Amino acid sequence: MRVALICKDKPGHLQIRLDNRSAHLAHIQTSGVVEMAGPFLDAEGQMCGSLLILDVDSIDEGRAWAEADPYAKAGLFESVLVQEWKKVVG
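A. Helix α1 (residues 14-31), seen in detail. Taking 1.5 Å per residue as the helical rise, α1 with its 18 residues ought to reach 26 Å, and the 24 Å between its terminal C-alpha atoms agrees with that figure. Of all the bends in α1, the largest measures some 55° and sits at Arg21. All of the buried residues in α1 are Arg17, Asn20, His24, His27 and Ile28. Residues of α1 that are buried make contact with β1 (2-9), β2 (34-41), β3 (47-55), α2 (59-68), α3 (70-73) and β4 (77-85). Positive phi shows up at Gly32, right after α1, with a value of about 70°.

Structure below.
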């Protein structure tokens, strides 16, 4: 199943994102479940959140992946939505 993670950063936490970016990217690479990922950008072009599409066996596996993300562990996110997603185009 595919699961979308829609994560919004806490305001003023860009440095937390930057400080933990390499660990976050390593988590993506080593987990083997991320199909697509990238940051949301604010009006100034600064990263302010994340969108990830995971290919996992269950919604609980998606939640566990999100909780293990170094960004989440560092307290970056104001909110995280974990939602089953169906690919139709692309």
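Picking up where we left off.
B. Local environment of the packing of aromatic side chains. Within the structure shown, the criterion is met by one aromatic pair. For the ring pair Tyr71 and Phe77, a centre distance of 6.1 Å and an interplane angle of 85° mean the geometry is edge-to-face. The two residues Tyr71 and Phe77 agree in class, both being buried.

Cut-offs and rules
Residues numbered from 1 in each chain as written. Predicted model: local features only at pLDDT ≥ 70, side-chain atom pairs only at ≥ 80, totals over all residues. Heavy atoms only, no water. Helix = DSSP H or I, 4+ residues; strand = E, 2+ residues; numbered from the N terminus. Expected span 1.5 Å × (residues − 1). Bend = angle between axes of the 7 residues up to and from the residue. Buried < 20%, exposed > 50% of the residue type's maximum accessible area, 1.4 Å probe, protein only. Contact = heavy atoms within 4.5 Å. Phe/Tyr/Trp six-rings, centres within 6.5 Å; stacked < 30°, edge-to-face > 60°.

None of this, on its own, says anything about what the molecule does.
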